[in-house]
Amino acid sequence: MTKNNHFLLLIIRLNILGFCVHLTKSNPQPQFPCQPPHHKYPFCNKNLPISTRVQSLISLLTIDEKILHLSDNTTSIPRLGLPAYEWWSESLHGIATNGPAVNFNGQIKGATSFPQVILTAAAFNRTLWHSIATAIAVEARAMYNLGQAGLTFWAPNINILRDPRWGRGQETPGEDPMVVSAYAIEYVTGFQGLNPKAKKGNRNGYGKKRRVLKEDDNDGERLMLSACCKHFTAYDLEKWGDATRYDFNAVVTKQDMEDTFQAPFRSCIQQGKASCLMCSYNSVNGVPACADKELLDKVRTDWGFDGYITSDCDAVATIYENQKYTKTPEDAVAVALKAGTNINCGTYMLRHMKSAFQQGSVLEEDLDRALQYLFSVQFRLGLFDGNPADGQFANFGVQDVCTSNHLNLALDAARQGIVLLKNDQKFLPLDKTSVSTLAIVGPMANVSSPGGTYSGVPCKLKSIREGFHRHINRTLYAAGCLDVGCNSTAGFQDAISIVKEADYVIVVAGLDLSEETEDHDRYSLLLPGQQTNLVTTLAAASKKPIILVLTGGGPVDVSFAEKDPRIASILWVAYPGETGGKALSEIIFGYRNPGGKLPMTWYLESFTKVPMTDMNMRADPANGYPGRTYRFYTGNVLYGFGHGLSYTSFSSQLLSAPSRLSLSLAKSNRKRSILAKRRSRFGYIHVDEVESCHSSKFFVHISVTNDGGRDGSHVLMLFSRVLQNFQGAPQKQLVGFDRVHVPAHKSVETSLLVDPCELLSFANDQGNRILALGEHTLILDDIEHVVSIEM
């Protein structure tokens, strides 16, 4: 996360990291405040309200001590018994090594490596998402208890996957705001220990939730851990052309801001109750995100956010050094603090805040406001309640990390997420009895535990290739290419020789972190280097059609393979984590039925003509701009959002849904009522003018039948489309989804809840959500149902 060109800052952070590691090795227990003789301070009194305790602590700090708390690594204050604390830990899809608070040098040597988020999202299973977050949280708390992690973790990444070239798209739940919002809610509530009730309608084996917070937790104030929704906002560019994430100005319309970029963050805060928000590097419409008071005030005043706001690492420094938004470093730290950035990941505030205070650009009340939010979260986490060994989470330890349950959960996440893109002539699944020799080709096939960005140390080092050993007595392997870049054909001959010897051939191609990662975007959607040549060469040499397995989080244009009959099947596995090889082998040999669906559009290479810096979501035909994502893109695609095949076939039946909804205007002042009625005559109404959005929600009841001979899971996707020609309306948008498991030749009934104010609406050019009156078409597979909305 830190900038490479900040040499001085790098040295400082390396020293801090070394110090923290030394402390951790020598002290296996976490340090904590309120130990004797400092336990008699009022802020240590657990019987007082948290707000009172926070104010008491702040009142005891000097100006210098207050400034020390504005960095992710806070220095100890011995006179008050306050130990040092590192805010930065990472837990995107398992406990990661990126954050300096985390280390695997103690009793815990590894943690469960779940699939990268983009693959987990492909399962379209809320219960699965919640269960993974809960499992990660248990391992995180265990590592904290042993002095190997903090309690404040900077995940999830809930930016929209706007552009297929984005190097960090793999970290996100995809391109649809509703899906990303749902993921954010499940991750945060599962990770922080909130909303512990078992999920209703569970059909996937994850319904058993144990309560981790006591019943008398001060109306839900207490936290087991802290999650952080990032990166706020309109952040989805690393390095493309002359633009970098450190200096890019994202020019975003009010319309796109409301119904695309902000939607997941609003859900993360309002429904997820996240305790942290991270502001991003980039500017939004000319103002650096971490210096945008209007932007950051909105989350507190409009959305009710009461957690802390951290900068991305060095994002305060970039306000002055890269974006030239201020004239001095002092102005940069002042504008960030006053805008609402409470903590600076890095040392920029540490180095420049005192002089900013002395110059009068920062007041003590500005410091106190930031500390109030920071300390409030620490108190909610129990950091000031005495020895954690005596607390309600004290029993978490080594025995709770890398458990068989967690590894099975990671395995099932990979099984559910893997997407079957092509399967000509029902080539898959393979009959194990007909395979005596299997050839596996590709450098990514032999990578241990391919987890993607923000990975940790897995419990067991496993490659995709190793997953097949339990099924086949004889497997042959050749890399084919020296690495994923595949800039040479030198290894082709070795690959050809084993392909000719084998009964069946699996070619693992695609991307790795040399092609897409933080600080690195792609320019092409084609397979890197000579990979396409390798695949077609092996397809020509094989006795039977081959199986192509694609790694990587971003879409790849493999239209050549889609059209080639010599390539019978294509599967996408993204970065499947430490159990990915086993999951893939089970699907290929038919022990599991694939059911994953793409959470993003797979574009053709021609899309790369669209500038990555153009943030507009809506198409502009007059200027030849095709728009973005399935909601607005007007061009041809390779695979659409929601594409994914199965070994069986499903059919759906719409059991019931309303045909008419009658809404009424909210009771308000006369002028507002007149405006609302005038808009209704033009065929729309502002959402905030509807009297009761909550009471307008309705269920769509559905029956799903498995028409084939194999058990399988089916992802239901309910879309809506406005029939009237409203400018700016999406071509269609997702309004409900569910994953249901259906035995062979059986039927299962389920229901999708639709909130018309939230999901049937969209933003107008002023950024106001409007609901079109008249006919809306609900689309489920090949079924269409019209709902008429009237006043």
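Every chain begins its residue count from 1, and numbering advances along the sequence as written. The predicted origin of the model limits local features to residues at a pLDDT of at least 70 and limits the giving and counting of side-chain atom pairs to 80 or more, whereas totals for whole chains, interfaces and linings rest on all residues. Side-chain metrics in this entry use all non-hydrogen atoms of the structure; hydrogen atoms and water are not considered.

As recorded by an unreviewed UniProt entry, the protein carries the name Probable beta-D-xylosidase 6 and is attributed to Nicotiana sylvestris. UniProt positions are given in the numbering used here, feature names are shortened, and annotations may be inferred rather than shown by experiment. The UniProt entry for the protein carries the following text under Subcellular location (unreviewed entry): "Secreted".

Draft legend 1. Quick look at the overall build of the protein. The secondary structure listing takes helices from DSSP runs of H or I that are at least 4 residues long and strands from runs of E that are at least 2 residues long, numbered from the N terminus. From N to C terminus, the protein includes 21 helices and 29 strands. All radius of gyration figures rest on C-alpha atoms, and the globule criterion is 2.2 Å times the number of residues raised to 0.38. Since a compact globule built from 791 residues should have a radius of gyration of about 28 Å, the 27 Å found for the protein is in line with a globular shape. Across its three principal axes, the protein shows a C-alpha extent of roughly 75 × 70 × 50 Å. Counting over 791 residues, the protein shows a buried share of 64%. Residue contacts are counted whenever heavy atoms from the two residues lie within 4.5 Å of one another. A sequence separation of at least 24 residues applies to 79% of the contacts in the protein between residues at least 6 apart. Exposure was quantified through the Shrake-Rupley algorithm and a 1.4 Å probe, taking into account, for residues, occlusion by the shown protein chains and nothing else. Accessible surface, the protein: about 29200 Å² in total, of which carbon and sulfur atoms supply 49%. Under this rule, positive means Lys or Arg and negative means Asp or Glu; His and the chain ends count for nothing. Note that the charge is assigned to NZ on lysines, CZ on arginines, CG on aspartates and CD on glutamates. Looking at charge distribution, the protein has the averaged site of its 78 positive side-chain charges lying 4 Å from that of its 77 negative ones. Summary of the burial criterion: residues with accessible area below 20% of their type's maximum are buried, those above 50% are exposed, and those between are partly exposed, where the area comes from a 1.4 Å probe applied to protein chains only.

Draft legend 2. Structural context of helix α14 (residues 404–417). Helix length check: α14 (14 residues) gives 20 Å between terminal C-alpha atoms against 20 Å at 1.5 Å per residue, within 8%. In terms of burial, α14 is a largely internal element, 11 of the 14 residues being buried. Listing the buried residues of α14 in full gives His406, Leu407, Leu409, Ala410, Leu411, Asp412, Ala413, Ala414, Arg415, Gln416 and Gly417. In this analysis, the expected span of each helix is defined as 1.5 Å times one less than the number of residues it contains.

Draft legend 3. How the structure looks around the side chain of Asn73. Of note, Asn73 is situated in strand β1 (residues 73–74). Judged by relative accessible area, which is 11%, Asn73 ranks as buried. N or O atoms closer than or at 3.5 Å make up a polar contact, with two conditions inside protein: a donor-capable atom paired with an acceptor-capable one, and, for residues adjacent in sequence, both atoms drawn from side chains. There is a polar contact of 3.1 Å between the side chain of Asn73 and the side chain of Glu86.

Draft legend 4. Up close: the packing of helix α6 (residues 177–192) against helix α8 (residues 263–270). Axes here refer to lines fitted to C-alpha atoms; in helices the fit is confined to the stretch in contact. Angles between the N-to-C directions go from 0 to 180 degrees. Close contact between α6 and α8 brings their axes to 8 Å; oriented N to C, the two are set at 25 degrees. By the angle between their axes, α6 is roughly parallel relative to α8. Here α6 runs over α8; the crossing is right-handed. Residues Pro177, Val180, Ser181, Ala184, Ile185 and Val188 of α6 form the contact with α8, whose participating residues are Ala263, Pro264, Ser267 and Cys268. The labels follow the angle: roughly parallel below 35 degrees, roughly antiparallel above 145, roughly perpendicular from 65 to 115, and oblique for the rest. We call a crossing left-handed when the near helix sits turned anticlockwise from the far one by less than a right angle, and right-handed when that turn is clockwise.

Draft legend 5. Highlighting helix α13 (residues 364–380). In this model, α13 (17 residues) spans 24 Å end to end at C-alpha, consistent with the 24 Å of a helix rising 1.5 Å per residue. Taken residue by residue, α13 has Asp366, Leu367, Ala370, Leu371, Leu374, Phe375, Ser376, Val377, Gln378, Phe379 and Arg380 as its buried positions. The inward-facing, buried residues of α13 abut α2 (50–59), α3 (63–68), β2 (85–86), β10 (308–311), α11 (329–339) and α12 (348–359). One or two positions beyond α13, positive phi appears at Gly382, with a value near 85 degrees.

Draft legend 6. Structural detail: the packing of aromatic side chains. Aromatic contacts are taken between Phe, Tyr and Trp rings whose centres are within 6.5 Å, Trp giving its six-membered ring; a plane angle under 30 degrees counts as stacked, one over 60 as edge-to-face, and the others as tilted. Evaluation of the coordinates by the stated rule reveals 30 aromatic pairs. Seen in terms of ring centroids, Phe607 and Tyr633 are 5.6 Å apart; in terms of plane orientation they differ by 65 degrees. Their pairing is edge-to-face. In this pair, Phe607 sits in the loop between β17 (602–603) and α19 (629–632) while Tyr633 sits in the loop between α19 and β18 (637–639), placing the two residues 26 residues apart along the sequence. What makes Tyr633 buried here is its relative accessible area of 11%. Taken together through their ring pairs, the aromatic side chains of Phe124, Trp129, Phe153, Tyr183, Tyr187, Phe191, Tyr630, Phe641, Phe719 and Phe737 make up a single cluster. Cation over ring: Lys732 sits above Phe719, and NZ or CZ is 4.1 Å from the ring centre. Whether a charge sits over a ring depends on NZ of Lys or CZ of Arg being within 6 Å of the ring centre and within 35 degrees of the ring normal.

Draft legend 7. Broad picture of the domain arrangement of the protein. Annotation of the protein at the domain level lists domain 1 (42–197 + 220–399), domain 2 (418–623) and domain 3 (648–789). These domain boundaries are the output of an automatic or database domain assignment. Computed from C-alpha coordinates alone, the two centres of domain 2 and domain 3 are separated by 36 Å. At the interface, 7 residues of domain 2 touch 11 residues of domain 3. In this description, buried area is defined as the sum, over both parts, of the accessible area (probe of 1.4 Å) that is lost when the two are combined. Roughly 670 Å² of surface becomes buried between domain 2 and domain 3 when both sides are summed, with 42% attributable to carbon and sulfur atoms. When the buried area of domain 2 at its contact with domain 3 is split by residue, Asn593, Lys597 and Arg618 rank highest and sum to 66% of it. In what follows, salt bridge is the name for a side-chain nitrogen of Lys or Arg lying within 4 Å of a carboxyl oxygen of Asp or Glu. Linking domain 2 with domain 3 are 0 salt bridges, by the criterion used here.

Draft legend 8. Summary view of the state of the cysteines. Any pair of cysteine sulfurs within 2.5 Å is marked as a disulfide. All chains considered together, the criterion is met by 7 disulfides. Each sulfur of the disulfide joining Cys313 and Cys345 lies 1.9 Å from the other. Disulfide Cys313 to Cys345: torsion about the S-S bond roughly 70 degrees, handedness right-handed. Taken together, the residues Cys313 in the loop between β10 and α10 (315–321) and Cys345 in the loop between α11 and α12 connect sequence positions 32 residues apart. Given a relative accessible area of 0%, Cys345 falls into the buried group.

Draft legend 9. The UniProt feature "domain: Fibronectin type III-like" (unreviewed entry) in the protein, seen in detail. This chain's UniProt record puts "domain: Fibronectin type III-like" (unreviewed entry) on residues 714–784. Helix makes up 6% of residues 714–784 and strand 59%, whereas the separation of the span's terminal C-alpha atoms amounts to 19 Å.

Draft legend 10. Quick look at the pairing of strand β11 (residues 419–423). Burial analysis of β11 places 5 of its 5 residues in the buried class, the great majority of the element. By the convention used here, strands pair only if DSSP detects at least 2 bridges between them. Inspection of the sheet shows β11 paired to strand β16 (residues 567–574) by 4 bridges, in the antiparallel sense. Within the sheet, the bridge partner assigned to Val419 lies in β16 and is Trp572.

Draft legend 11. Seen up close, the nonpolar core. Residues enter a nonpolar core if they are buried and are Ala, Val, Leu, Ile, Met, Phe, Trp, Tyr or Cys, with the set joined through side-chain atoms within 4.5 Å. Trp154 and Phe191 are the most contacted members of the largest nonpolar core, which totals 155 residues. Here this core gets 12 residues from one element, more than from any other, and that element is helix α5 (residues 126–145). Each of domain 1 (42–197 + 220–399) and domain 3 (648–789) gives at least three residues to this core. In contact with Phe191, other than residues within four places in its own chain, are Ser91, Ala133, Ile136, Ala137, Ala140, Phe153, Leu225, Ser226 and Ala227.

Draft legend 12. View of the confidence of the model for the protein. Across the chain, each position has a pLDDT score giving the predictor's confidence in that residue, from 0 to 100. For the protein, per-residue confidence averages 92 on the pLDDT scale, and 91% of positions sit at 70 or higher. Predicted confidence in the protein is weakest over helix α1 (residues 7–26), with a mean pLDDT of 39, and strongest over β11, with 99. Across residues 2–27, where pLDDT falls below 50, the model places 36 contacts with residues more than four positions away in sequence or in other chains. Segment residues 195–219 is flagged for pLDDT under 50; beyond a separation of four residues in sequence, or across chains, it makes 47 contacts in the model.

Draft legend 13. The arrangement of the packing of α5 against α6 in detail. Closest axis-to-axis distance for the α5/α6 pair is 7 Å, and the angle between their directions is 35 degrees. Regarding α5 and α6, the two cross each other, and that crossing is right-handed. On α6, the residues touching Arg126, Trp129, His130, Ala133, Thr134, Ile136, Ala137 and Ala140 of α5 are Met178, Val179, Ala182, Tyr183, Glu186, Tyr187, Thr189, Gly190 and Phe191. Classification convention: Asp, Glu, Lys, Arg as charged; Ala, Val, Leu, Ile, Met, Phe, Trp, Tyr, Cys, Pro as nonpolar; all other residues, Gly among them, as polar. Split into classes, the residues belonging to the contact of α5 with α6 amount to 11 nonpolar, 4 polar and 2 charged.

Draft legend 14. Quick peek at the environment of Pro458. Considering the arrangement of structural elements, one finds Pro458 in the loop between β12 (437–441) and β13 (474–478). Under the relative-accessibility criterion, Pro458 is labelled buried at 13%. Taking the C-alpha atoms as reference points, Pro458 and Phe114, separated by 344 residues in sequence, lie 8.9 Å from one another. Contacts of Pro458, omitting those with residues within four sequence positions, involve Gly110, Ala111, Ser113, Ser449 and Glu578.

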